[in-house]
Amino acid sequence: MRQFSILVIFALAFGGAAVLYEKESRKVKGVLSQITELQAQMGDLQAEVNRLNSELEAVKLAERRRPNLSTMANRIRRESNSSMPPKPVAEKRFEQKRSALMASDVTTAPPAIHSGEGQGENEGDEWSRPTMDADQYQKESTDKEVLDPYQ
C-alpha cells in the first residue's frame, strides 16, 4: 500500500509537469510564430526603405544633372552680351525719347456693342425692360409654353 501511494504521487507529479510543459511549449510556439511574422514584416519594410532610397538617389541625380536657374540666367546673359555689339550713344538717346507714349501709337476702335443695330424687336424689348423676379418670369414663360426655363 505504501508503494502504491508513492506511485500515485509520482504519477501526479509527472502528469502536472507534463501539463505545465505543454502549456509552456504552446506559449513558446506562439512567440516563435510572432517572431516569424515580425521578421517577414521587417523584410517588407526593408524592401520599401530600399525602394524609397533608390527613388531618392534618382531624384538627387536628376537634380544634379538639371541646371539651376542662376546658371541658366548667367548663360543667357553671357550669350546676349557677346552676340550684341554695344550700341552707339545716339541710339540710346533716341530710345529714351521713344519710350514715351505718342498719340500715333494709339488706334481707335469701333464700339464693341452696337445699340439698336441688328437686333430683333423682341430681343431688344426684353433687354430694355427692368429685371424681374424668377417667379414672375416663370409665370410669363408658362404662357409661352417654353420647355427650357433658361431659353
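1. Things to note about the overall build of the protein
Here's step 1: Across its full length, the protein carries 5 helices and 0 strands.
Here's step 2: Looking at the 151 residues of the protein, the share that counts as buried comes to 1%.

2. Details of the confidence of the model for the protein
Here's step 1: Taken as a whole, the protein shows an average pLDDT of 76; of its residues, 55% reach a score of 70 or greater.
Here's step 2: Between the elements of the protein, mean pLDDT differs from a low of 54, seen in helix 3 (residues 89–98), to a high of 93, seen in helix 1 (residues 2–65).

3. Focus: the pattern of salt bridges
Here's step 1: Scanning all chains against the criterion turns up 4 salt bridges.
Here's step 2: Residue Glu24 is joined to Lys27 by a salt bridge in which the shortest nitrogen-to-oxygen separation is 3.5 Å. With Glu24 and Lys27 both in helix 1 and 3 residues apart, the pair spans about one turn of that helix.
Here's step 3: What you see here is one network of salt bridges that share partners, running through Glu48, Arg51 and Glu55.

4. Some remarks on the packing of aromatic side chains
Here's step 1: Taken as a whole and assessed by the stated rule, the structure comprises 1 aromatic pair.
Here's step 2: Relative to Phe14, the ring of Phe10 has its centre 6.4 Å away and its plane inclined at 25 degrees; by these criteria the two rings are stacked. Pair noted here: Phe10 and Phe14 are both in helix 1, with a separation of 4 residues, about one helical turn.
Here's step 3: Of the residues examined, Phe10 reaches a relative accessible area of 48% and is grouped as partly exposed.
Here's step 4: Among the residues examined, Phe14 registers a relative accessible area of 62% and is labelled exposed.

5. What about a nonpolar patch on the surface?
Here's step 1: Together, Met1, Phe4, Leu7, Val8 and Leu12 make up an exposed nonpolar region whose accessible area comes to about 610 Å².
Here's step 2: If you trace the backbone, Val8 turns up in helix 1.

Definitions and cut-offs
Residues numbered from 1 in each chain as written. Predicted model: local features only at pLDDT ≥ 70, side-chain atom pairs only at ≥ 80, totals over all residues. Heavy atoms only, no water. Helix = DSSP H or I, 4+ residues; strand = E, 2+ residues; numbered from the N terminus. Buried < 20%, exposed > 50% of the residue type's maximum accessible area, 1.4 Å probe, protein only. pLDDT = per-residue confidence, 0-100. Salt bridge = Lys/Arg side-chain N within 4 Å of Asp/Glu carboxyl O. Phe/Tyr/Trp six-rings, centres within 6.5 Å; stacked < 30°, edge-to-face > 60°. Patch = residues over 30% accessible without salt bridge, like charges linked within 9 Å, V, L, I, M, F, W, Y side chains within 5 Å. Areas by Shrake-Rupley, 256 points an atom, 1.4 Å probe, with all protein chains shown as cover.

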